[in-house]
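Given next are the chains, with one letter for each unit.
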Number of protein chains: 2
Amino acid sequence: MKKSIENKSVKMRDVADHVGVSVATVSRALRNPEVVSEALRTKIAAAIESLGYLPDPAARALASTRSDVIGVILPSVTNNVFSAVMDGIYSAAEGTRYSVQLGYSRYAPLSEENLIRLFLRQRPTGLIVTGIDQTDAAKALLQEADCPVVQIMETGPAPHDRMIGFSHYQAARAATAHLIAQGYSQPGFLGARMDPRTQRRLQGFRDELRAHGIDEGRRVHSTTYPSSVTLGGHLLAQLMDAAPETDAIFCINDDLALGAMFEAQRRNLRIPQDLGICGFNDMEMMGAAEPSLTSVRTFRREMGAGAVQLILDALSDGARSDGNIVDLGFEIMPRHSTRRNS
Amino acid sequence: MKKSIENKSVKMRDVADHVGVSVATVSRALRNPEVVSEALRTKIAAAIESLGYLPDPAARALASTRSDVIGVILPSVTNNVFSAVMDGIYSAAEGTRYSVQLGYSRYAPLSEENLIRLFLRQRPTGLIVTGIDQTDAAKALLQEADCPVVQIMETGPAPHDRMIGFSHYQAARAATAHLIAQGYSQPGFLGARMDPRTQRRLQGFRDELRAHGIDEGRRVHSTTYPSSVTLGGHLLAQLMDAAPETDAIFCINDDLALGAMFEAQRRNLRIPQDLGICGFNDMEMMGAAEPSLTSVRTFRREMGAGAVQLILDALSDGARSDGNIVDLGFEIMPRHSTRRNS
DNA sequence: AGAGTTAATGTAAGCGGTTACATTCGTCAA
DNA sequence: TTGACGAATGTAACCGCTTACATTAACTCT
């Protein structure tokens, strides 16, 4: 594999000259191999290899009015939940000609709107956005976008185009139902960074309580602060002070659950006898904790990979088969922290 | 703020016509405002606003032979350590005209080399790469790169250009010294995903033991598997079975430390009396855990933000002030898990 | 007043690909 | 033999900006 030393800036022109054809033929060999004769195709491939030619994405994008990037807009960099999604996205994009461009909205709808505008300007191959709570302007932009758009993390009515996720409402109801089934009669709720998505989880919690005729009392504690393990401890402390009758908690995510567990230990509350704990997302540590912690497993990596696949499908289908919703569901992972009934 | 409905594809041409100037003037108003008259500048700004014009990055990159992207190559998507770095990078890039392009090498040097090649093809404004263990080919590419290159996460000799990080070796020595100072005489080592960077931490651990005349015995346990909380538990189990005299552990990262803590609890080992635990990175949960866990704090967000700043500096400096190394240091955060001496 | 500056703007040639259209050439049916 | 046709390749315009160079107008200076 002798690569040219001088591959500083090999252009298509150089490859063409090397083979003795026009640049158009080289371009075709790359984009529509089937229209180029077998003989030339192999010669061109060899020249590309030996010269170490790599196409200039900017020139490509400009000429073809379409860039080979898949735009992804997520609310947070640091949140583990989204790193798993990213992992799925990058894995699925690997090996394709598409590259991923990431943007972070920091949970700010307006910032998300601007990112959408910015990304659309690049005429991306596809766009992946998080959730269903865009601003009206953003919705309009997505509606008019001339590329596949996939909404991830949630399912819901009227997707812009395609959608892959699960129902946060149903997941929360199921988790709450699990607590009740385990014999807990006074479940509480711990939430942080209450955005529309987590609000739907709260709604699921409430509706499930109501379905069992349980009053929520003063057992719902949440804050708009970003979630953390420390915060989980604080929230549990608040909750127990305000509502000592609480015998179980459903936490909006696993960090809060872990923090609550530590706080429970500090307070000498026995888990699961005195306090049942259920988290959300089922991150790896949940099974490893002592005691192991019940959580709602969600398929984050699959969501990311699936979103990319949906875009690739849309590209080949051509036909915009609207209303394409993929529900990945969720799974309650019962562990020691809620095992009161066995 | 009445945005045009038809901002589908407003180009510079449209802005120019709207104001009654040539596109060159509009372009200059955007890139070198100081050479355009005050009057035109404001008119142009107004037109841009009212038409909702956004420049086409591909065209810009092609014409200027320089794209406004900062390339970043990290080994892992999911590792928390790097999400903090990314957070710093994105924050620092926000508000500038530069956008971030991320690539993941999955800890594979060859994959990193390809990414470098790919990124360089875009003639980026700057490049951020992780660590100092590139392949020879990759090193050559970086050396010839015609943009600032910043190596992050580590300090060391002979940076390609600039460098921001800390000494993993020194940090590990300091952590080990802390354990010894707390009266632990048989410290062990838990490692996972042993790459060159973590190898240097192991070296620090060993040298510090030697400096105190302590034999490492059979107390160094590590694996090439990716790190996880679960794995931390397994490793501690292995370690205690192989070397029951162990009275403290230095873990390559906080996940392992947390897992080890849970395993210690399962084994009824008292922390910190029977077993001292020290992690690495000081993630948020360390202080919130029960018992709270000692760790080595590293400045990851600052590393990311600092790297971007170094690039911006290099751009304005012009002069390649070689050998520019920023050592952010580290800090031992003593907590309950190693508090035997007080 | 005339020449020389300087500041502000316009003109037009690219940047490196893509692609519609033109051209060439061999094949085949009439 | 000849024209039609299809496959393979070439020609050249164009994608939306940037920028070197040319041009013009307004001053400054002797």
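Here the residue numbering is sequential within each chain, running from 1 through the sequence in written order. Each chain gets a letter, beginning with A, and each ligand a number, beginning with 1, in the order they are written. With pLDDT at 70 or above as the cut-off, local features in this predicted model cover only qualifying residues; side-chain atom pairs require 80 or more to be listed or tallied, and sums for whole chains, interfaces and linings still use all residues. Only heavy atoms go into the side-chain values, all of them from the structure, while hydrogens and water stay out.

### Considerations on the side chain of Asp254 of chain B
Residue and element names in this part refer to chain B.
- Note on conventions: DSSP H or I runs of at least 4 residues are helices, E runs of at least 2 residues are strands, and numbering of each starts at the N terminus. One can find Asp254 in helix α11 (residues 254–266).
- A polar contact of 2.8 Å, which involves the side chain of Asp254, links it to the backbone nitrogen of Phe280.
- Whether two residues touch is decided by their heavy atoms; if any such pair falls within 4.5 Å, the residues are in contact. Sequence-distant contacts of Asp254, that is, excluding residues within four places in its chain, are made with Gly279, Phe280, Asn281, Asp282, Met283, Met285, Met286 and Ser295. For the purposes of these results, a polar contact is taken to be a pair of N or O atoms within 3.5 Å, where, inside protein, one atom must be able to donate a hydrogen and its partner to accept one; residues adjacent in sequence count only when each atom of the pair is a side-chain atom.

### Quick notes on helix α10 (residues 229–242) of chain A
- An expected span of 1.5 Å times one less than the residue number is assigned to each helix. Taking 1.5 Å per residue as the helical rise, α10 of chain A with its 14 residues ought to reach 20 Å, and the 20 Å between its terminal C-alpha atoms agrees with that figure.
- With a 1.4 Å probe rolled over the protein chains alone, any residue whose accessible area is under 20% of its type maximum counts as buried; one over 50% counts as exposed, and the rest are partly exposed. All of the buried residues in α10 of chain A are Val229, Leu231, Gly232, Gly233, Leu235, Leu236, Ala237, Leu239 and Met240 of chain A.
- Buried residues along α10 of chain A sit in contact with β6 (187–191), β7 (220–222), β8 (248–251) and α11 (254–266) of chain A together with α12 (285–288) of chain B.

### Some remarks on the protein's contact with DNA strand C
- Taken together, 23 residues form the shell around DNA strand C, and within it Lys11, Ser27 and Arg31 of chain A together with Thr25 and Leu40 of chain B come nearest.
- Summary of the distance rule: residues count as near a molecule or strand when at least one heavy atom falls within 4 Å of that molecule or strand. When the atoms of DNA strand C within 4 Å of the protein are sorted by group, sugar and phosphate make up 61%.
- In the environment of DNA strand C, a sugar or linking oxygen lies 3.0 Å from a nitrogen or oxygen atom belonging to the side chain of Tyr53 of chain A.
- Within the side chain of Arg28 of chain B, an N or O atom sits 2.8 Å from a base nitrogen of DNA strand C.
- When contributions to the surface near DNA strand C are tallied by element, the ones reaching two or more residues are α2 (23–31) and α4 (57–64) of chain A together with α2 (23–31) and α4 (57–64) of chain B.

### Focus: the relation of the copies chain B and chain A
- The operation relating chain B to chain A is a screw motion whose rotation component is 180°, with 0.1 Å of axial translation and a residual RMSD of 0.1 Å. Considering both components of the superposition, the chain copies are consistent with a two-fold axis. The C-alpha atom lying nearest the rotation axis in chain B is that of Ala58 of chain B; the distance is 2.3 Å.
- Interface overlap between copies is the fraction of interface residues in one copy that are interface residues in the other; for chain B against chain A it reaches 100%, indicating a shared surface. For this overlay, a least-squares fit was computed on C-alpha atoms, restricted to residues scoring pLDDT of at least 70 in both copies.

### What to know about the domain arrangement of chain A
- Annotation comment: domain bounds sourced from an automatic or database domain assignment. Domain parsing of chain A yields domain 1 (12–55), domain 2 (64–166 + 300–329) and domain 3 (168–298).
- The gap between the C-alpha centroids of domain 1 of chain A and domain 2 of chain A is 33 Å.

### Structural notes on the packing of aromatic side chains
Residues and elements named next belong to chain A.
- Side-chain rings of Phe, Tyr and Trp (the six-membered ring for Trp) are treated as a pair once their centres are within 6.5 Å; stacked means planes under 30 degrees apart, edge-to-face means over 60, and tilted covers the remaining angles. Throughout the structure, instances matching the rule amount to 13 aromatic pairs over all chains.
- Geometrically, the ring pair formed by Phe189 and Phe205 is tilted, given 5.3 Å between the ring centres and 50° between the ring planes. You can see Phe189 sitting in strand β6 and its partner Phe205 sitting in helix α9 (residues 196–211), a full 16 residues away along the chain.
- Centroid distance Phe189 to Phe250: 6.0 Å. Interplanar angle 65°. Geometry classified as edge-to-face. Here Phe250 lies in strand β8 and Phe189 lies in strand β6, a separation of 61 residues in the sequence.
- Relative accessible area serves as the criterion here: at 0%, Phe189 is assigned to the buried category.
- Through a chain of ring-to-ring contacts, three or more aromatic side chains come together here, namely Phe166, Phe189, Phe205, Phe250 and Phe280.

### Some thoughts on the protein's contact with DNA strand D
- The immediate surroundings of DNA strand D are formed by 24 residues, with Thr25 and Arg28 of chain A together with Lys11, Ser27 and Arg31 of chain B found nearest.
- Near the protein, within 4 Å, the atoms of DNA strand D are sugar or phosphate in 65% of cases.
- Take Arg28 of chain A: an N or O atom from its side chain is 2.8 Å from a base nitrogen of DNA strand D.
- One of the side-chain nitrogen or oxygen atoms of Lys11 of chain B is found 2.5 Å away from a phosphate oxygen of DNA strand D.
- Secondary structure elements with two or more residues in the surface near DNA strand D: α2 and α4 of chain A together with α2 and α4 of chain B.
- In this count, Pro and Cys sit with the nonpolar residues alongside Ala, Val, Leu, Ile, Met, Phe, Trp and Tyr, while Asp, Glu, Lys and Arg are called charged and the others, Gly among them, polar. Of the residues assigned to the surface near DNA strand D, the class counts are 11 nonpolar, 6 polar and 7 charged.

### Structural notes on the interface of chain B and chain A
- Contacts between the two partners involve 45 residues from chain B and, on the opposite side, 45 residues from chain A.
- Throughout, buried area stands for the accessible area (probe radius 1.4 Å) lost by two parts on being put together, summed over both. Of the roughly 4,200 Å² buried between chain B and chain A on both sides combined, carbon and sulfur atoms contribute 53%.
- Here a salt bridge means any side-chain nitrogen of Lys or Arg lying within 4 Å of a carboxyl oxygen belonging to Asp or Glu. Where chain B meets chain A, there are 8 salt bridges.
- A salt bridge links Arg123 of chain B to Asp56 of chain A; its shortest N-O distance comes to 2.1 Å.
- The interface formed by chain B and chain A holds 23 residue pairs in polar contact (both at pLDDT 80 or more) in total.
- Of all elements in the fold, only α4, α5 (80–93), β2 (99–104), α10 (229–242), α11 and α12 of chain B reach the threshold of two or more residues within the side of chain B that touches chain A.

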